[in-house]
Amino acid sequence: MEFEPVIGLEVHAQLLTESKIFCGCTTKFGNPPNANTCPVCLGMPGVLPVLNKRAVEYAVRVGLAVGCEIRPRSLFARKNYFYPDLPKGYQISMYDQPLCVGGAVTIETDGKRKRIGLTRIHLEEDAGKSIHEGMPESATKSYVDLNRAGVPLIEIVSEPDLASPEEAHAYLTSLRTLLLYLGVCDGNMEEGSLRCDANVSVRPAGQQKLGTKIELKNLNSFRFIQRALQYEIERQEAILREGGAVVQDSRLYNPDSGVTTSMRSKEEAHDYRYFPEPDLLPLIVEEKWVDEIRAGLPELPLQRKDRLVRDYGLPAYDADVLTSTKELADYYEAVAAAAGNPKTASNWVMGEVLRKLKEEKTEITGCPIAPRSLADLIRLILSGTISGPIAKEVFEEMWRTRAASEAIVKERGLTQISDEAELLRAIDQVLAANPGPLAQYRAGKTATFGFFMGQVMKATQGKANPAVIQKLLTDRLKGS
Ligand SMILES: [Zn+2]
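Remember, predicted model here, so these are calculated numbers, not experimental data. (Residues numbered from 1 in each chain as written. Predicted model: local features only at pLDDT ≥ 70, side-chain atom pairs only at ≥ 80, totals over all residues. Heavy atoms only, no water.)

Student: For this particular structure, what's the right way to read the sheet that holds strand E4 (residues 76–80)?
Tutor: The strands making up a sheet are joined through hydrogen bonds of the backbone, oriented either antiparallel or parallel. Strand order across the open sheet formed by three strands is E5-E4-E16, with antiparallel pairing between neighbours. The sheet terminates laterally at strand E5 (90–94) and strand E16 (275–276), the two strands that pair on one side only. As paired strands, E4 and E16 are joined by two bridges and run antiparallel to one another. Looking at E16, one finds that Ala77 is bridged to Pro276. (Pairing = 2+ DSSP bridges. Helix = DSSP H or I, 4+ residues; strand = E, 2+ residues; numbered from the N terminus.)

Structure (C-alpha coordinates):
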(Lines give C-alpha, C1' and ligand atoms only; values in the text may rest on other atoms or scores of the structure.)
Protein backbone atom coordinates (compact mmCIF):
# COMPACT_ATOMS: atom_id res chain seq x y z
CA MET A 1 0.00 0.00 0.00
CA GLU A 2 1.18 3.53 -0.81
CA PHE A 3 1.11 6.13 1.94
CA GLU A 4 1.14 9.92 1.78
CA PRO A 5 2.28 12.34 4.47
CA VAL A 6 0.20 15.29 5.62
CA ILE A 7 2.11 18.11 7.32
CA GLY A 8 1.08 21.34 8.99
CA LEU A 9 3.52 23.77 10.62
CA GLU A 10 3.19 26.03 13.65
CA VAL A 11 5.77 28.77 13.47
CA HIS A 12 6.57 31.09 16.36
CA ALA A 13 8.22 34.34 15.34
CA GLN A 14 9.60 36.86 17.82
CA LEU A 15 8.57 40.37 16.84
CA LEU A 16 11.27 43.03 16.53
CA THR A 17 9.74 45.47 18.97
CA GLU A 18 12.03 47.47 21.27
CA SER A 19 10.11 46.46 24.39
CA LYS A 20 8.17 43.42 25.54
CA ILE A 21 4.51 42.83 24.78
CA PHE A 22 3.00 43.69 28.19
CA CYS A 23 5.72 45.76 29.93
CA GLY A 24 8.46 48.28 29.13
CA CYS A 25 11.43 45.87 29.48
CA THR A 26 13.87 45.73 26.60
CA THR A 27 13.80 42.75 24.24
CA LYS A 28 17.55 42.99 23.57
CA PHE A 29 19.11 39.56 23.06
CA GLY A 30 22.31 38.58 24.86
CA ASN A 31 22.02 40.63 28.05
CA PRO A 32 23.02 38.92 31.36
CA PRO A 33 20.34 36.48 32.61
CA ASN A 34 17.31 38.15 34.18
CA ALA A 35 18.60 41.68 33.42
CA ASN A 36 15.59 42.43 31.19
CA THR A 37 12.89 41.90 33.78
CA CYS A 38 10.38 43.81 35.90
CA PRO A 39 7.50 42.88 38.23
CA VAL A 40 5.15 42.45 35.22
CA CYS A 41 7.21 39.93 33.26
CA LEU A 42 8.37 38.26 36.47
CA GLY A 43 4.70 37.57 37.22
CA MET A 44 4.53 39.32 40.61
CA PRO A 45 1.10 39.45 42.24
CA GLY A 46 -1.00 42.54 41.59
CA VAL A 47 0.73 43.75 38.44
CA LEU A 48 -1.22 44.55 35.27
CA PRO A 49 -0.21 44.00 31.64
CA VAL A 50 -0.32 46.90 29.16
CA LEU A 51 -0.42 45.90 25.49
CA ASN A 52 2.40 47.07 23.20
CA LYS A 53 0.78 48.74 20.18
CA ARG A 54 3.77 48.07 17.92
CA ALA A 55 3.41 44.32 18.52
CA VAL A 56 -0.18 44.48 17.26
CA GLU A 57 0.92 46.56 14.27
CA TYR A 58 3.58 43.97 13.32
CA ALA A 59 1.11 41.09 13.64
CA VAL A 60 -1.36 42.96 11.41
CA ARG A 61 1.44 43.65 8.92
CA VAL A 62 2.14 39.94 8.60
CA GLY A 63 -1.57 39.15 8.43
CA LEU A 64 -2.10 41.61 5.57
CA ALA A 65 0.97 40.38 3.67
CA VAL A 66 -0.38 36.81 3.59
CA GLY A 67 -3.97 37.83 2.88
CA CYS A 68 -5.51 37.09 6.29
CA GLU A 69 -8.75 38.59 7.44
CA ILE A 70 -7.83 41.03 10.22
CA ARG A 71 -10.54 40.63 12.82
CA PRO A 72 -11.79 43.96 14.24
CA ARG A 73 -12.22 42.41 17.68
CA SER A 74 -10.00 39.73 19.14
CA LEU A 75 -9.44 38.45 22.63
CA PHE A 76 -6.43 37.55 24.75
CA ALA A 77 -6.78 34.37 26.77
CA ARG A 78 -4.89 32.67 29.55
CA LYS A 79 -3.24 29.39 28.66
CA ASN A 80 -2.64 27.77 32.01
CA TYR A 81 0.29 25.47 32.63
CA PHE A 82 3.08 25.22 35.13
CA TYR A 83 6.67 25.39 34.06
CA PRO A 84 9.72 26.87 35.84
CA ASP A 85 10.29 29.36 33.00
CA LEU A 86 6.71 30.63 33.25
CA PRO A 87 6.49 32.41 36.61
CA LYS A 88 2.85 33.50 36.26
CA GLY A 89 1.67 29.92 35.81
CA TYR A 90 -0.01 30.95 32.57
CA GLN A 91 0.87 32.40 29.21
CA ILE A 92 -1.17 35.24 27.73
CA SER A 93 -2.11 34.07 24.26
CA MET A 94 -5.17 34.10 22.00
CA TYR A 95 -7.53 31.19 21.81
CA ASP A 96 -10.94 31.13 20.13
CA GLN A 97 -10.80 34.75 18.94
CA PRO A 98 -7.44 35.26 17.20
CA LEU A 99 -6.33 38.49 15.53
CA CYS A 100 -5.90 37.09 12.00
CA VAL A 101 -7.63 34.21 10.22
CA GLY A 102 -7.23 32.63 6.78
CA GLY A 103 -4.66 33.70 4.21
CA ALA A 104 -1.92 31.69 2.53
CA VAL A 105 1.83 31.50 1.98
CA THR A 106 2.96 30.76 -1.58
CA ILE A 107 5.83 28.31 -1.85
CA GLU A 108 7.94 27.27 -4.81
CA THR A 109 9.40 23.81 -5.33
CA ASP A 110 11.00 22.75 -8.63
CA GLY A 111 9.73 25.98 -10.24
CA LYS A 112 6.10 25.18 -9.34
CA ARG A 113 4.05 27.40 -7.05
CA LYS A 114 1.59 26.21 -4.45
CA ARG A 115 -0.52 28.09 -1.92
CA ILE A 116 -0.30 26.77 1.63
CA GLY A 117 -3.39 27.84 3.53
CA LEU A 118 -3.16 29.46 6.95
CA THR A 119 -5.56 28.74 9.77
CA ARG A 120 -4.69 31.74 11.90
CA ILE A 121 -2.07 34.13 13.18
CA HIS A 122 -2.29 35.18 16.80
CA LEU A 123 -0.30 37.22 19.29
CA GLU A 124 1.15 35.86 22.50
CA GLU A 125 4.00 36.33 24.95
CA ASP A 126 7.12 34.21 24.96
CA ALA A 127 8.12 32.20 28.05
CA GLY A 128 11.53 32.35 29.73
CA LYS A 129 14.27 29.77 29.29
CA SER A 130 15.50 26.97 31.51
CA ILE A 131 19.25 26.56 31.33
CA HIS A 132 20.56 23.07 32.05
CA GLU A 133 24.16 23.44 30.92
CA GLY A 134 27.15 25.74 31.21
CA MET A 135 26.37 27.34 34.60
CA PRO A 136 28.52 26.95 37.76
CA GLU A 137 26.34 24.30 39.40
CA SER A 138 24.75 22.82 36.29
CA ALA A 139 25.63 19.32 37.46
CA THR A 140 23.04 19.49 40.24
CA LYS A 141 20.86 22.51 39.40
CA SER A 142 18.85 23.99 36.60
CA TYR A 143 18.76 27.75 36.08
CA VAL A 144 16.02 30.05 34.83
CA ASP A 145 16.55 33.13 32.63
CA LEU A 146 13.46 35.30 32.26
CA ASN A 147 14.87 37.80 29.74
CA ARG A 148 12.73 36.15 27.08
CA ALA A 149 9.56 36.08 29.21
CA GLY A 150 7.13 38.56 27.67
CA VAL A 151 8.90 39.03 24.35
CA PRO A 152 6.11 39.36 21.75
CA LEU A 153 5.47 36.40 19.48
CA ILE A 154 3.17 35.68 16.62
CA GLU A 155 2.14 32.10 16.11
CA ILE A 156 1.46 31.32 12.46
CA VAL A 157 -0.55 28.13 12.10
CA SER A 158 -0.77 26.52 8.67
CA GLU A 159 -3.43 24.20 7.34
CA PRO A 160 -2.26 20.60 6.79
CA ASP A 161 -1.50 21.51 3.16
CA LEU A 162 2.13 20.42 3.01
CA ALA A 163 2.64 17.10 1.23
CA SER A 164 6.35 16.47 1.74
CA PRO A 165 9.37 17.44 3.86
CA GLU A 166 10.63 19.46 0.86
CA GLU A 167 7.42 21.50 0.85
CA ALA A 168 7.75 22.07 4.61
CA HIS A 169 11.28 23.37 4.06
CA ALA A 170 10.10 25.62 1.22
CA TYR A 171 7.26 26.94 3.37
CA LEU A 172 9.58 27.83 6.22
CA THR A 173 12.01 29.48 3.81
CA SER A 174 9.26 31.55 2.16
CA LEU A 175 7.79 32.55 5.50
CA ARG A 176 11.18 33.56 6.90
CA THR A 177 12.01 35.65 3.81
CA LEU A 178 8.60 37.30 4.05
CA LEU A 179 9.04 38.18 7.74
CA LEU A 180 12.46 39.67 6.97
CA TYR A 181 11.05 41.75 4.09
CA LEU A 182 8.32 43.00 6.42
CA GLY A 183 10.96 43.95 9.01
CA VAL A 184 8.99 42.34 11.84
CA CYS A 185 11.35 39.47 12.80
CA ASP A 186 15.08 38.89 12.37
CA GLY A 187 14.48 35.25 11.38
CA ASN A 188 17.43 34.02 13.43
CA MET A 189 16.76 30.36 14.17
CA GLU A 190 19.96 29.89 16.21
CA GLU A 191 18.91 32.60 18.65
CA GLY A 192 15.36 31.27 18.69
CA SER A 193 13.70 34.25 17.00
CA LEU A 194 11.99 31.79 14.67
CA ARG A 195 10.89 28.39 15.94
CA CYS A 196 8.95 25.66 14.31
CA ASP A 197 6.77 22.73 15.43
CA ALA A 198 5.24 20.32 12.93
CA ASN A 199 2.11 18.22 12.95
CA VAL A 200 2.67 15.20 10.80
CA SER A 201 0.55 12.18 9.96
CA VAL A 202 0.44 9.61 7.20
CA ARG A 203 -2.56 8.01 5.51
CA PRO A 204 -3.12 5.57 2.67
CA ALA A 205 -2.68 7.49 -0.60
CA GLY A 206 -5.98 8.90 -1.82
CA GLN A 207 -7.77 8.55 1.53
CA GLN A 208 -9.58 11.72 2.67
CA LYS A 209 -9.56 11.06 6.41
CA LEU A 210 -6.41 12.24 8.17
CA GLY A 211 -4.24 9.79 10.07
CA THR A 212 -3.30 10.20 13.73
CA LYS A 213 -1.07 13.22 14.03
CA ILE A 214 2.21 13.47 15.87
CA GLU A 215 3.57 16.79 17.01
CA LEU A 216 7.29 17.26 16.36
CA LYS A 217 8.61 19.94 18.69
CA ASN A 218 11.46 22.40 18.25
CA LEU A 219 12.51 21.88 14.63
CA ASN A 220 14.76 24.85 15.02
CA SER A 221 17.13 24.46 12.13
CA PHE A 222 16.59 24.47 8.38
CA ARG A 223 19.14 21.68 8.20
CA PHE A 224 17.20 19.30 10.43
CA ILE A 225 13.59 20.00 9.56
CA GLN A 226 13.56 17.87 6.40
CA ARG A 227 15.47 15.01 8.03
CA ALA A 228 13.26 15.04 11.12
CA LEU A 229 10.06 14.94 9.05
CA GLN A 230 11.45 12.24 6.77
CA TYR A 231 12.35 10.07 9.75
CA GLU A 232 8.97 10.58 11.38
CA ILE A 233 7.05 9.82 8.17
CA GLU A 234 9.00 6.58 7.69
CA ARG A 235 8.45 5.63 11.35
CA GLN A 236 4.68 6.09 11.06
CA GLU A 237 4.53 4.24 7.72
CA ALA A 238 6.37 1.28 9.24
CA ILE A 239 3.84 1.11 12.10
CA LEU A 240 0.88 1.21 9.69
CA ARG A 241 2.43 -1.36 7.34
CA GLU A 242 2.69 -3.81 10.22
CA GLY A 243 -0.97 -3.24 11.00
CA GLY A 244 -0.29 -1.16 14.12
CA ALA A 245 -1.76 2.18 15.17
CA VAL A 246 0.14 5.45 15.60
CA VAL A 247 -0.24 6.78 19.14
CA GLN A 248 -0.79 10.53 19.36
CA ASP A 249 2.08 12.24 21.20
CA SER A 250 4.65 15.01 21.10
CA ARG A 251 8.10 13.99 19.95
CA LEU A 252 11.57 15.51 19.84
CA TYR A 253 14.07 15.04 17.04
CA ASN A 254 17.64 14.32 18.07
CA PRO A 255 19.98 15.53 15.29
CA ASP A 256 22.85 13.39 16.62
CA SER A 257 21.02 10.06 16.54
CA GLY A 258 18.67 11.09 13.70
CA VAL A 259 15.58 9.68 15.46
CA THR A 260 12.50 11.14 17.15
CA THR A 261 11.58 10.16 20.70
CA SER A 262 8.41 10.65 22.69
CA MET A 263 8.43 13.63 25.08
CA ARG A 264 5.00 13.32 26.58
CA SER A 265 1.53 12.41 25.50
CA LYS A 266 0.11 15.28 23.49
CA GLU A 267 -1.96 17.69 25.53
CA GLU A 268 -5.37 18.74 24.29
CA ALA A 269 -6.64 22.30 24.34
CA HIS A 270 -8.84 21.54 27.36
CA ASP A 271 -5.75 20.61 29.39
CA TYR A 272 -4.81 24.29 29.36
CA ARG A 273 -8.07 25.54 30.86
CA TYR A 274 -8.17 28.55 28.55
CA PHE A 275 -10.26 31.48 29.71
CA PRO A 276 -10.45 35.15 28.63
CA GLU A 277 -7.62 37.24 30.13
CA PRO A 278 -9.37 39.34 32.78
CA ASP A 279 -6.58 41.95 32.95
CA LEU A 280 -6.84 43.00 29.30
CA LEU A 281 -9.69 44.54 27.34
CA PRO A 282 -10.75 42.94 24.07
CA LEU A 283 -8.36 44.06 21.32
CA ILE A 284 -10.17 46.42 18.94
CA VAL A 285 -8.38 47.07 15.65
CA GLU A 286 -9.93 49.88 13.64
CA GLU A 287 -10.24 49.64 9.89
CA LYS A 288 -8.57 53.00 9.37
CA TRP A 289 -5.45 51.78 11.15
CA VAL A 290 -5.44 48.53 9.16
CA ASP A 291 -5.60 50.61 5.96
CA GLU A 292 -2.62 52.67 7.12
CA ILE A 293 -0.61 49.54 7.83
CA ARG A 294 -1.61 48.10 4.44
CA ALA A 295 -0.45 51.27 2.70
CA GLY A 296 2.96 50.89 4.34
CA LEU A 297 3.57 47.31 3.19
CA PRO A 298 6.73 46.86 1.09
CA GLU A 299 6.85 44.96 -2.17
CA LEU A 300 6.86 41.29 -1.17
CA PRO A 301 9.56 38.80 -2.22
CA LEU A 302 7.55 36.90 -4.86
CA GLN A 303 6.13 40.09 -6.37
CA ARG A 304 9.63 41.47 -6.57
CA LYS A 305 10.99 38.29 -8.14
CA ASP A 306 8.27 38.37 -10.80
CA ARG A 307 8.98 42.03 -11.50
CA LEU A 308 12.72 41.40 -11.98
CA VAL A 309 11.91 38.65 -14.49
CA ARG A 310 9.33 40.80 -16.27
CA ASP A 311 11.03 44.21 -16.28
CA TYR A 312 14.71 43.28 -16.49
CA GLY A 313 14.36 40.07 -18.49
CA LEU A 314 16.32 38.11 -15.88
CA PRO A 315 16.16 34.30 -15.73
CA ALA A 316 13.96 33.06 -12.86
CA TYR A 317 17.04 31.62 -11.16
CA ASP A 318 18.80 35.02 -11.05
CA ALA A 319 15.65 36.74 -9.80
CA ASP A 320 15.28 34.12 -7.06
CA VAL A 321 18.82 34.56 -5.77
CA LEU A 322 18.71 38.37 -6.03
CA THR A 323 15.45 38.67 -4.08
CA SER A 324 16.51 36.27 -1.31
CA THR A 325 16.85 39.32 0.93
CA LYS A 326 15.41 42.81 0.52
CA GLU A 327 18.88 44.35 0.99
CA LEU A 328 20.41 42.25 -1.80
CA ALA A 329 17.52 43.10 -4.14
CA ASP A 330 17.91 46.81 -3.32
CA TYR A 331 21.64 46.59 -4.02
CA TYR A 332 21.10 44.79 -7.31
CA GLU A 333 18.47 47.22 -8.54
CA ALA A 334 20.69 50.19 -7.72
CA VAL A 335 23.57 48.62 -9.69
CA ALA A 336 21.30 47.72 -12.63
CA ALA A 337 19.84 51.23 -12.81
CA ALA A 338 23.25 52.94 -12.75
CA ALA A 339 24.97 50.46 -15.09
CA GLY A 340 22.15 50.45 -17.64
CA ASN A 341 22.55 46.71 -18.31
CA PRO A 342 20.48 44.52 -15.94
CA LYS A 343 21.88 41.15 -17.05
CA THR A 344 25.53 42.18 -16.73
CA ALA A 345 24.67 43.74 -13.36
CA SER A 346 23.07 40.46 -12.31
CA ASN A 347 26.15 38.48 -13.41
CA TRP A 348 28.40 40.70 -11.33
CA VAL A 349 26.22 40.75 -8.21
CA MET A 350 25.54 36.99 -8.35
CA GLY A 351 29.11 36.19 -9.30
CA GLU A 352 31.85 38.36 -7.84
CA VAL A 353 29.85 40.16 -5.13
CA LEU A 354 28.21 37.05 -3.63
CA ARG A 355 31.45 35.07 -3.93
CA LYS A 356 33.36 37.77 -2.08
CA LEU A 357 30.65 38.15 0.60
CA LYS A 358 30.75 34.41 1.21
CA GLU A 359 34.54 34.44 1.38
CA GLU A 360 34.46 37.26 3.94
CA LYS A 361 31.47 35.71 5.76
CA THR A 362 29.45 38.89 5.59
CA GLU A 363 26.12 40.15 4.23
CA ILE A 364 25.38 42.61 1.44
CA THR A 365 25.04 45.36 4.05
CA GLY A 366 28.76 44.84 4.76
CA CYS A 367 29.79 45.17 1.08
CA PRO A 368 32.50 47.86 0.80
CA ILE A 369 31.67 48.60 -2.85
CA ALA A 370 28.70 50.93 -3.26
CA PRO A 371 26.20 50.07 -6.04
CA ARG A 372 27.21 53.15 -8.02
CA SER A 373 30.91 52.19 -7.89
CA LEU A 374 30.16 48.68 -9.12
CA ALA A 375 28.04 50.20 -11.91
CA ASP A 376 31.02 52.40 -12.90
CA LEU A 377 33.17 49.29 -13.18
CA ILE A 378 30.54 47.53 -15.28
CA ARG A 379 30.33 50.51 -17.60
CA LEU A 380 34.11 50.35 -18.14
CA ILE A 381 33.66 46.76 -19.37
CA LEU A 382 30.62 47.56 -21.50
CA SER A 383 32.43 50.47 -23.17
CA GLY A 384 35.40 48.23 -23.97
CA THR A 385 37.77 50.26 -21.78
CA ILE A 386 38.84 47.20 -19.80
CA SER A 387 38.58 43.47 -20.41
CA GLY A 388 36.59 41.03 -18.25
CA PRO A 389 39.64 39.44 -16.59
CA ILE A 390 41.10 42.86 -15.80
CA ALA A 391 37.73 43.97 -14.40
CA LYS A 392 37.94 41.13 -11.86
CA GLU A 393 41.36 42.37 -10.75
CA VAL A 394 40.02 45.90 -10.46
CA PHE A 395 37.07 44.58 -8.46
CA GLU A 396 39.42 42.90 -5.98
CA GLU A 397 41.33 46.14 -5.52
CA MET A 398 38.11 48.17 -5.15
CA TRP A 399 37.02 45.75 -2.42
CA ARG A 400 40.35 46.12 -0.62
CA THR A 401 40.97 49.85 -1.00
CA ARG A 402 37.50 51.27 -1.75
CA ALA A 403 39.11 53.24 -4.58
CA ALA A 404 37.10 54.12 -7.68
CA SER A 405 37.44 51.82 -10.70
CA GLU A 406 38.58 54.61 -13.07
CA ALA A 407 41.35 55.64 -10.69
CA ILE A 408 42.63 52.05 -10.40
CA VAL A 409 42.54 51.52 -14.17
CA LYS A 410 44.34 54.80 -14.80
CA GLU A 411 46.95 54.37 -12.10
CA ARG A 412 47.84 50.80 -13.08
CA GLY A 413 47.58 51.35 -16.85
CA LEU A 414 44.97 48.61 -17.26
CA THR A 415 43.12 50.07 -20.21
CA GLN A 416 42.19 47.40 -22.71
CA ILE A 417 44.26 47.19 -25.88
CA SER A 418 42.03 47.29 -28.96
CA ASP A 419 44.63 48.76 -31.29
CA GLU A 420 44.95 46.27 -34.16
CA ALA A 421 48.55 47.07 -35.06
CA GLU A 422 49.68 46.57 -31.48
CA LEU A 423 47.74 43.33 -31.12
CA LEU A 424 49.02 42.01 -34.44
CA ARG A 425 52.57 42.48 -33.21
CA ALA A 426 51.72 40.42 -30.11
CA ILE A 427 50.04 37.73 -32.20
CA ASP A 428 52.98 37.45 -34.59
CA GLN A 429 55.38 37.12 -31.66
CA VAL A 430 53.28 34.34 -30.15
CA LEU A 431 53.01 32.46 -33.46
CA ALA A 432 56.75 32.79 -34.08
CA ALA A 433 57.54 31.52 -30.58
CA ASN A 434 55.28 28.45 -30.95
CA PRO A 435 56.04 26.76 -34.25
CA GLY A 436 54.93 23.35 -32.91
CA PRO A 437 51.32 24.28 -32.05
CA LEU A 438 51.15 26.37 -35.22
CA ALA A 439 52.07 23.33 -37.34
CA GLN A 440 49.44 21.29 -35.43
CA TYR A 441 46.82 23.94 -36.11
CA ARG A 442 47.63 24.07 -39.81
CA ALA A 443 47.44 20.26 -39.87
CA GLY A 444 43.81 20.54 -38.77
CA LYS A 445 44.05 20.45 -34.96
CA THR A 446 41.98 23.60 -34.49
CA ALA A 447 41.72 23.12 -30.72
CA THR A 448 45.06 24.90 -30.43
CA PHE A 449 43.20 28.17 -31.18
CA GLY A 450 42.41 28.53 -27.48
CA PHE A 451 46.08 28.04 -26.66
CA PHE A 452 47.03 30.95 -28.92
CA MET A 453 44.30 33.16 -27.45
CA GLY A 454 45.67 32.42 -23.97
CA GLN A 455 49.24 33.17 -25.03
CA VAL A 456 48.27 36.53 -26.54
CA MET A 457 46.32 37.44 -23.38
CA LYS A 458 49.36 36.50 -21.35
CA ALA A 459 51.69 38.53 -23.56
CA THR A 460 49.47 41.59 -23.04
CA GLN A 461 49.00 41.01 -19.26
CA GLY A 462 45.32 40.31 -19.83
CA LYS A 463 44.72 43.73 -21.36
CA ALA A 464 43.98 42.62 -24.93
CA ASN A 465 40.42 42.99 -26.15
CA PRO A 466 39.41 39.32 -26.61
CA ALA A 467 36.98 40.06 -29.44
CA VAL A 468 39.66 41.87 -31.43
CA ILE A 469 42.33 39.17 -30.87
CA GLN A 470 39.86 36.50 -31.88
CA LYS A 471 39.22 38.23 -35.18
CA LEU A 472 42.88 39.02 -35.90
CA LEU A 473 44.06 35.59 -34.86
CA THR A 474 41.46 33.89 -37.05
CA ASP A 475 42.66 35.93 -40.04
CA ARG A 476 46.35 35.25 -39.29
CA LEU A 477 45.86 31.52 -38.90
CA LYS A 478 44.02 31.39 -42.20
CA GLY A 479 47.36 32.58 -43.56
CA SER A 480 46.48 36.16 -44.40
ZN1 LIG B 1 9.13 43.43 32.23
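Student: What am I meant to see in the packing of aromatic side chains here?
Tutor: Given two aromatic rings, one states the distance between the centres and the angle between the planes to describe the pair. Evaluated as defined, the whole model comprises nine aromatic pairs. With a centroid separation of 5.8 Å and 80 degrees between ring planes, the pair formed by Tyr312 and Tyr332 is classed as edge-to-face. With a gap of 20 residues between them, Tyr312 in helix H5 (residues 301–312) and Tyr332 in helix H7 (residues 326–339) connect regions that are remote in the sequence. Between Phe395 and Trp399, the aromatic rings sit 5.9 Å apart at their centres with planes inclined by 50 degrees, giving tilted as the arrangement. Taken as a pair, Phe395 and Trp399 lie in helix H10 (residues 388–401) at a separation of four residues, close to a single helical turn. Here Phe395 matches Trp399 in class, with each residue buried. Through pairs of rings, three or more aromatic residues link up here, namely Tyr81, Tyr95, Tyr272 and Tyr274. (Phe/Tyr/Trp six-rings, centres within 6.5 Å; stacked < 30°, edge-to-face > 60°. Buried < 20%, exposed > 50% of the residue type's maximum accessible area, 1.4 Å probe, protein only.)

By themselves these figures say nothing about function.
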